[in-house]
Amino acid sequence: MGSLLKGVSGVRWGTLRDARQLPAGDIPPLLSRIAYGGEDAARLAVDELGDRVCALGFVVGEATASTVPFLLELAGAPYVPCKAELLDLLESIYQTDNWHSSAAAAGGPKRTSFREQPAWEVAAREAVHAGRLVIEGLASSMRPEEVEPARKLLLTMDEAPPFPDL
């Protein structure tokens, strides 16, 4: 995949499901379009990838946590377009608590048909948090289009309540 995204081939995408419960094999080509496509292609790919890893802006999937390091890599790369959109997607991923809230309301995950999904949210949030240094770098960028969404994501990370106990 070029100098960016070298680790993509190390992920077993075919065994993972996206936020829509579809096979995640389409995620690597979307990441590649963001990295190597023109600005219009990259914007479309970010939008489509958002549907795959954070459906409706608040539902993560099994493949989300595996995708986050590549989103962070792209956001931190010098010539990748759409950094604001990537940061917005990372913020949406970080904020998700749909599975936790639903399980808590039902009395715990054992009382629902979903048991793995809360762990997907935890893993996705941890993956975003692991990229804090990249986000902090973007927050101090000379490009205002990167600064605002990066600072907003950092604020979200600092102020997000913990997941409800299950």
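These lines cover the structure that appears in this document, whether it is placed above or below.

Conventions used here
- Residues numbered from 1 in each chain as written.
- Predicted model: local features only at pLDDT ≥ 70, side-chain atom pairs only at ≥ 80, totals over all residues.
- Heavy atoms only, no water.
- Helix = DSSP H or I, 4+ residues; strand = E, 2+ residues; numbered from the N terminus.
- Buried < 20%, exposed > 50% of the residue type's maximum accessible area, 1.4 Å probe, protein only.
- Areas by Shrake-Rupley, 256 points an atom, 1.4 Å probe, with all protein chains shown as cover.
- Lys, Arg positive; Asp, Glu negative; His and termini not counted.
- Charge placed at Lys NZ, Arg CZ, Asp CG, Glu CD.
- Axes fitted to C-alpha atoms, helices over the stretch in contact; angles between N-to-C directions.
- Parallel < 35°, antiparallel > 145°, perpendicular 65-115°, else oblique.
- Left-handed = near helix turned anticlockwise from the far one by under 90°.
- Contact = heavy atoms within 4.5 Å.
- Nonpolar A, V, L, I, M, F, W, Y, C, P; charged D, E, K, R; others polar.
- Phe/Tyr/Trp six-rings, centres within 6.5 Å; stacked < 30°, edge-to-face > 60°.
- Lys NZ or Arg CZ within 6 Å of the ring centre and 35° of its normal.
- Core = buried A, V, L, I, M, F, W, Y, C linked by side-chain atoms within 4.5 Å.
- Expected span 1.5 Å × (residues − 1).

A closer look at the overall build of the protein chain
- Counting its secondary structure elements, the protein chain contains eight helices and two strands.
- Mapped from its N terminus to its C terminus, the protein chain presents α and β elements in the order α-α-β-β-α-α-α-α-α-α.
- By its C-alpha atoms, the protein chain is 45 × 35 × 25 Å across when sized along the principal axes.
- A burial count over the protein chain gives 48% of its 166 residues as buried.
- Counting only carbon and sulfur atoms, one obtains 54% of the accessible surface of the protein chain, whose full area is about 8400 Å².
- Of the side-chain charges in the protein chain, 16 are positive and 23 negative, and the distance between the mean point of each set is 5 Å.

Considerations on the packing of helix H7 (residues 132-139) against helix H8 (residues 144-159)
- One can describe the packing of H7 onto H8 by two numbers: an axis separation of 7 Å at closest approach and a directional angle of 135 degrees. In terms of orientation, H7 lies oblique with respect to H8. Handedness of the H7/H8 crossing: left-handed. For the pair formed by H7 and H8, the contact residues are Arg132, Ile135, Glu136, Leu138 and Ala139 on the first element and Glu146, Val147, Ala150, Arg151, Leu153, Leu154, Met157 and Asp158 on the second.
- Its residues assigned to classes, the contact of H7 with H8 shows eight nonpolar, no polar and five charged.

Re the packing of aromatic side chains
- Overall, the coordinates contain one aromatic pair when judged by the stated rule.
- For arginine 125, the ring lying beneath its charged end belongs to tyrosine 94, and the centroid distance is 4.9 Å.
- Over the ring of phenylalanine 163 we find arginine 125; its NZ or CZ atom is 3.9 Å from the centre of that ring.

Thoughts on the nonpolar core
- Ranked by internal contacts, the top residues of the largest apolar core, which has 49 residues, are Leu31, Leu74, Ile93, Val128 and Ile135.
- Apart from the residues within four sequence positions on either side, valine 128 is in contact with Val68, Leu72, Leu90, Ile93, Tyr94, Ile135, Leu153 and Met157.

Let's talk about the packing of helix H3 (residues 64-76) against helix H4 (residues 83-95)
- Interhelical geometry of H3 versus H4 gives an angle of 150 degrees and a closest axis separation of 10 Å. With respect to H4, the element H3 is oriented roughly antiparallel. Crossing angle aside, the handedness with which H3 passes H4 is left-handed. Residues Thr64, Val68, Leu71, Leu72, Leu74, Ala75 and Gly76 of H3 lie in contact with H4, whose contacting residues are Lys83, Leu86, Leu89, Leu90 and Ile93.
- Class assignment for the residues of the contact of H3 with H4 results in nine nonpolar, two polar and one charged.

Description of helix H6 (residues 117-130)
- The end-to-end C-alpha distance of H6 is 20 Å, a good match for the 20 Å that 14 residues give at a rise of 1.5 Å each.
- What H6 keeps buried is the set Gln117, Pro118, Trp120, Glu121, Ala124, Arg125, Ala127 and Val128.
- Buried positions along H6 lie against strand E2 (59-60), H3, H4, helix H5 (98-106), H7 and H8.

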